[in-house]
Amino acid sequence: MSDREVIEREADPVAVGRPVHIRLGARAWAKKNLFSTWYDALLTLTLGSLFVAFGWTLIRFLFTSDFAILRVNLALLMVGGFPRDQLWRPVVALILVSILLGLMAGIGSASARDTAEQTGLPYQRSSPMAVLKRFWPVLAFVVVVLMLTETLTPWLVAGAALVAGVGSFPLGRGLPAGVRRFGLVILTIIIAAVYLVLVSGGVGWDGWGGLHLNLFLTVAGLLLAFPLGLLLALGRRSTLPALRAMSVTYIEFIRGVPLITLLLMGIFVIGFFLPTGFRPGNVTRVLIAITLFESAYIAEVVRGGLQSVPGGQVEAAQALGLAPWKTMRRIVLPQALRNTIPAMVGQFISLFKDTTLVVIVGMIDILGASQSANAQGAFLAQGLHRVTLPFVALAFWVGSYVMSREARRLEHKLGVGVR
Amino acid sequence: MSTAITKKVERPPFWRDLRVLRVLIQVLSLAVIGAILYVLWFNLTTNMRAIGIRADFDFLTQPVGVSVTGSDIGAGSAVWRALLVGVQNTFALVVVGIPLLTIIGVLVGVARLSSNWLVSKAATIYVETLRNIPPLLIILFAFFVGVLPLPDILEPARILDLAIITNRFIAVTGFSAAEGFEIFGWIMLVALVAAIFVWRWRTRVFVQTGEPHHRVLWSTGLLLSVAVIAYLALQGPFELSKPVLAGRALSGGFSGLGGYFAMLVALVLYTASHVAEIVRGSILAVPRGQSEAANALALSGFQRLRYVVLPQSLRIAIPPTINQYLNFVKNTSLGIAVGYAEVTLIAFQAIGNGRPAPQMILLLMGAYLVFSLTISAVVNVLNRRLQLVGRT
């Protein structure tokens with residue numbers, strides 16, 4: 001170690017005592033990490049050749065396959081059987097959602113800045129490159145979809161959505177601190193309402209399909225299930241035996257059965273439970289089933305959060321003379337819910353994957369669309385599942401992977417499990 | 001000031017009295033839930049009567065109306081028998097799948113922490129890919145891309161006459177029972193019980209005297225020697241049976257339908273990716289000092305895992321792993337997508353043939369529920385036993 005290095009390390013008090021990072025040369029690195037013992041070498045060689053074979057298969061697949069089935073059915077995969085002359089509706093909705101997301105990101109960034117200012121901790125605004133690094137799979141998926149299009153319109157739509165999202169970011173960032181939360185809630189409600197009216201106009205939501213249906217069922221299912229799940233979690237933790245027994249029964253029952261059985265119930269049986277003559281459409285039925293299913297899981301997530309709040313918090317609130325309801329509302333829930341965010345994202349991911357099960361009750365979500373594309377005359381019985389299924393898998397992989405990484409980031413940031 | 005002040009505690013008015021409130025809240029919520037359930041029940045019975053469905057379980061003895069491949073269930077068989085075959089088929093997946101996914105999961109979980117760069121990268125890619133894709137999609141992929149392109153049943157692929165591979169089924173050489181097989185089975189059961197006792201005896205000897213226990217050697221030795229002696233004494237209670245294909249009819253050997261293998265491979269790989277994450281997390285949760293101490297004692301890499309790290313991580317890993325087993329069982333209900341006749345598919349088809357949906361789905365949920373609740377009861381017991389008894 002040179003003298004200069006020593007001086008530098010002492011100038012930075014944090015760095016003192018840190019291990020010195022040793023950079024290995026390529027050969028030394030390979031020796032250490034790939035060929036340290038004879039069986040290590042054997043493993044490396046076996047796996048290496050497997051990797052090469054797999055890579056070769058992948059490359060051949062990408063360059064020799066005919067992606068016509070995806071090109072022709074792209075709209076089907078994205079929005080299902082939505083009337084083609086009404087496609088402007090989801091397009092406008094997409095742009096609205098981008099605006100909302102941009103505003104949310106802006107508001108999040110601004111409040112992080114303010115918190116940093118108040119606490120005097122250093123604040124570093126995440127660079128566009130860092131954001132890109134976090135969300136590159138989404139971008140990659142969008143590019144793949146755009147590559148499959150035959151006209152210019154989708155490119156324009158994607159561009160408009162991007163501009164809308166990026167453009168509303170500074171808007172959200174510039175909002176004064178007082179109106180942020182209120183404004184966001186109002187805006188979310190307005191955009192959600194406009195979205196529902198706009199996109200269900202013309203077909204009603206029973207005509208929805210494709211990836212759009214998966215996303216809708218995930219978001220709507222989770223939002224609808226949350227209040228129910230919260231009540232169930234509070235019921236399960238309650239000291240009132242009747243409430244506890246009912247909550248436990250419900251949660252354990254739902255968690256003990258597969259989602260499929262609930263979906264079958266939604267399709268075949270829910271009609272029996274409703275007054276005669278009241279016949280909801282299939283999407284509504286599925287949404288009811290998903291809400292019932294998901295609420296039990298959310299209840300367990302929230303219960304975990306409630307358990308993570310130290311008992312001293314409640315005792316302190318009682319010592320201050322807060323009423324039980326106020327203790328819950330002002331002391332326990334804010335801390336508990338904050339701790340559940342990562343687990344909630346995990347729940348979001350698993351619901352997103354579970355929405356594919358609606359195929360089994362005959363709905364055309366993205367997986368159903370890919371299956372029905374394979375049943376079309378031009379593509380029938382050519383084994384094109386090897387093209388369509390990886391595409392669908394990519395859509396789910398991108399969503400789940402990005403969200404799970406975000407969850408981990410949040411976990412780290414919120415310091416869950418760290419005191 | 002020596003007089004003690006005795007003041008009668010005044011009770012607050014009843015609407016602010018916690019004791020009254022507690023009862024009131026419970027009564028009210030019970031009443032609300034009861035009312036909702038009553039309305040639902042009322043609608044259900046009214047609607048069922050209006051359509052003319054009877055609210056009883058007599059339909060169980062009526063014909064199911066579908067035939068199940070790979071079993072003797074035909075259109076005329078009773079509903080309950082078909083459902084039973086469905087449960088058997090579900091179990092056929094579970095019994096083979098759970099040991100398989102455990103092995104793969106542990107291997108991959110350990111591989112993710114390997115010091116070999118390529119091994120850990122490969123394991124990471126496997127986990128991060130499979131975990132983030134819906135299981136249904138993996139099943140469909142295994143079926144449409146893995147099983148269907150296999151050779152047609154009329155021109156099957158054979159491996160040395162020992163196995164037959166077609167896109168309808170895969171059959172391998174197995175055993176078939178000959179005379180005295182039942183007696184052999186009973187003898188082996190007794191031998192198994194005896195082996196368990198020997199195992200416990202050797203453990204006790206080890207604990208009390210410190211002699212090497214060699215319990216694996218003792219128990220398997222006992223089992224194997226009993227098996228060999230019994231086989232010879234009974235003059236061959238079972239014999240090799242090769243699969244034979246005559247036209248479209250298969251006989252002999254062990255065989256599974258294409259849908260079964262698609263389900264098995266897909267669900268095992270999917271669930272193993274989750275188990276691998278659990279294993280990795282639980283290994284990381286073992287304090288580093290334990291590994292370092294094992295290194296200081298000059299244990300080999302395998303010994304360090306086998307005797308120091310894995311036993312400690314097991315305690316952390318078991319509850320979530322069993323949760324994954326439960327998920328595996330619940331995911332077998334996706335057999336409906338590839339036509340594998342497990343219990344959900346049979347219920348679904350029976351409903352399609354006019355059997356009453358409310359009762360069928362109740363039965364279906366009941367079947368899964370019995371299984372899940374049994375498992376969670378076992379987990380709770382296990383958890384209590386595995387809990388560390390306070391260290392000083």
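Nothing here was measured: the structure is a model prediction, and the numbers come from that model.

(A) Spotlight on the overall build of chain B. Within chain B, the secondary structure is distributed over eleven helices and eight strands. A compact globule built from 392 residues would reach a C-alpha radius of gyration of about 21 Å, whereas chain B, at 29 Å, exceeds it by more than 25%. Based on the C-alpha atoms only, the size of chain B along its principal axes is roughly 105 × 75 × 50 Å. Within chain B, the proportion of its 392 residues that are buried is 29%. Restricting the contact set of chain B to residue pairs at least 6 apart, pairs at least 24 apart contribute 66%.

(B) Summary view of the overall build of chain A. Of the regular secondary structure elements, chain A holds 17 helices and zero strands. Sorting the 419 residues of chain A into buried and exposed places 30% on the buried side. Considering only intrachain contacts with a sequence separation of at least 6, the fraction spanning at least 24 residues in chain A is 78%.

(C) The interface of chain A and chain B, seen in detail. Of the residues lining the interface, 44 residues belong to chain A; the matching set on chain B comes to 48 residues. Broken down by secondary-structure element, the contributors of at least two residues to the side of chain A that touches chain B are α3 (38-64), α11 (241-256), α12 (259-273) and α17 (385-414) of chain A. With ten residues, α17(A) is the single largest residue contributor to the side of chain A that touches chain B.

(D) Inspection of the sheet that holds strand β1 (residues 157-159) of chain B at higher detail. Residues and elements named next belong to chain B. Strands sit in the order β1-β2-β3-β8 across an open sheet of four strands; the sheet is antiparallel. Each edge of the open sheet is held by one strand with a lone partner, namely β1 and β8 (254-257). Mean inter-strand twist for the sheet, computed between neighbouring axes without regard to direction, equals 15°. Pairing analysis gives three bridges linking β1 to strand β2 (residues 163-165), with the strands arranged antiparallel. Looking across to β2, one finds that alanine 157 is bridged to isoleucine 165. Together, β3 (169-172) and β8 form the strand contacts of helix α7 (residues 258-285), whose direction differs from that of β8 by roughly 80°.

(E) View of the confidence of the model for chain A. When pLDDT is averaged across chain A, the result is 85; 93% of the residues are at 70 or more. Ignoring residues within four places in sequence, the model shows residues 1-7 of chain A, a span with pLDDT below 50, making one contact including any to other chains.

(F) Representation of the nonpolar core. Counting 142 residues, the largest nonpolar core has A:Leu263, B:Leu137, B:Ile139, B:Leu140 and B:Met263 as its most contacted members. Among the elements that take part in this core, α7(B) stands out by supplying 16 residues, more than any other. In this structure B:Met263 touches B:Leu93, B:Ile139, B:Thr332, B:Gly335, B:Val338 and B:Tyr340, once residues within four positions along its chain are discounted.

(G) How the structure looks around helix α11 (residues 357-386) of chain B. For α11(B), built from 30 residues, the straight-helix expectation of 44 Å at 1.5 Å per residue is met to within 8% by its first-to-last C-alpha distance of 43 Å. Packed against the buried residues of α11(B) are α11 and α12 of chain A together with α9 (301-331) and α10 (343-352) of chain B.

(H) How the structure looks around the domain arrangement of chain A. Residues and elements named next belong to chain A. Each assigned domain of chain A is listed with its residue range as follows: domain 1 (65-82 + 208-419) and domain 2 (84-202). Looking at the side of domain 1 that touches domain 2, the elements with two or more residues in it are α4 (68-72), α5 (74-79) and α17. Considering each element in turn, the side of domain 1 that touches domain 2 owes the most residues, five residues, to α17. Grouping the constituent residues of the side of domain 1 that touches domain 2 by class yields eleven nonpolar, one polar and one charged.

(I) The arrangement of helix α15 (residues 324-354) of chain A in detail. Residue and element names in this part refer to chain A. End to end, α15 covers just 37 Å across 31 residues, shorter than the expected 45 Å (1.5 Å per residue, more than 12% under). Most pronounced at isoleucine 341, the bend in α15 amounts to some 45°, and the proline proline 342 follows within four residues. For α15, the set of buried residues is Ala336, Asn339, Thr340, Pro342, Met344, Gln347, Ile349, Leu351, Phe352, Lys353 and Asp354. On its buried side, α15 packs onto α10 (210-237), α12, α13 (282-308) and α17.

(J) A look at the packing of helix α14 (residues 311-319) of chain A against α15(A). Residue and element names in this part refer to chain A. It is the contact of α14 with α15, at a shortest axis distance of 10 Å, that shows an interaxial angle of 160°. The angle between α14 and α15 falls in the class roughly antiparallel. Crossing angle aside, the handedness with which α14 passes α15 is right-handed. Where α14 approaches α15, its residues Gln313, Val314, Ala317 and Gln318 are matched on the opposing element by Thr327, Ile331, Val332 and Gln335.

(K) A look at the domain arrangement of chain B. When its domains are assigned, chain B resolves into domain 1 (79-168 + 248-386) and domain 2 (174-241). Measuring from the centre of the C-alpha atoms in domain 1 of chain B to the corresponding centre in domain 2 of chain B gives 28 Å.

(L) Representation of the environment of A:Trp205 in the model. Assignment of secondary structure puts A:Trp205 in the loop between α9 (180-200) and α10. Taking the number of C-beta atoms within 10 Å as the measure of exposure, A:Trp205 has 16 and is therefore partly exposed.

(M) Local environment of the packing of α10(B) against α11(B). All names here are of chain B. Two elements in contact, α10 and α11, have axes separated by 10 Å at closest approach and are oriented at 175°. On the basis of the axis angle, α10 is roughly antiparallel to α11. Between α10, through Val343, Thr344, Ala347, Ala350 and Ile351, and α11, the contact on the second element is made entirely by Ala357, Met360, Leu364 and Ala367.

(N) Layout of the environment of B:Arg304. All names here are of chain B. Looking at the element boundaries, arginine 304 is found in helix α9. A tally of 19 C-beta atoms within 10 Å means that arginine 304 is categorised as partly exposed. Sequence-wise, arginine 304 and proline 13 are 291 residues apart; in three dimensions their C-alpha atoms are separated by 67 Å. Apart from the residues lying within four places of it in its own chain, the contact partners of arginine 304 are Ser291, Ala294, Asn295, Leu299 and Val309.

Criteria and cut-off values
- Residues numbered from 1 in each chain as written.
- Chains lettered and ligands numbered in written order.
- Predicted model: local features only at pLDDT ≥ 70, side-chain atom pairs only at ≥ 80, totals over all residues.
- Helix = DSSP H or I, 4+ residues; strand = E, 2+ residues; numbered from the N terminus.
- Rg over C-alpha atoms; globule rule 2.2 N^0.38 Å.
- Buried ≥ 20, exposed ≤ 12 C-beta atoms within 10 Å, placed from the backbone.
- Contact = placed C-beta atoms within 7 Å.
- Pairing = 2+ DSSP bridges.
- Axes fitted to C-alpha atoms, helices over the stretch in contact; angles between N-to-C directions.
- pLDDT = per-residue confidence, 0-100.
- Core = buried A, V, L, I, M, F, W, Y, C linked by C-beta atoms within 7 Å.
- Expected span 1.5 Å × (residues − 1).
- Domains from an automatic or database assignment.
- Nonpolar A, V, L, I, M, F, W, Y, C, P; charged D, E, K, R; others polar.
- Bend = angle between axes of the 7 residues up to and from the residue.
- Parallel < 35°, antiparallel > 145°, perpendicular 65-115°, else oblique.
- Left-handed = near helix turned anticlockwise from the far one by under 90°.

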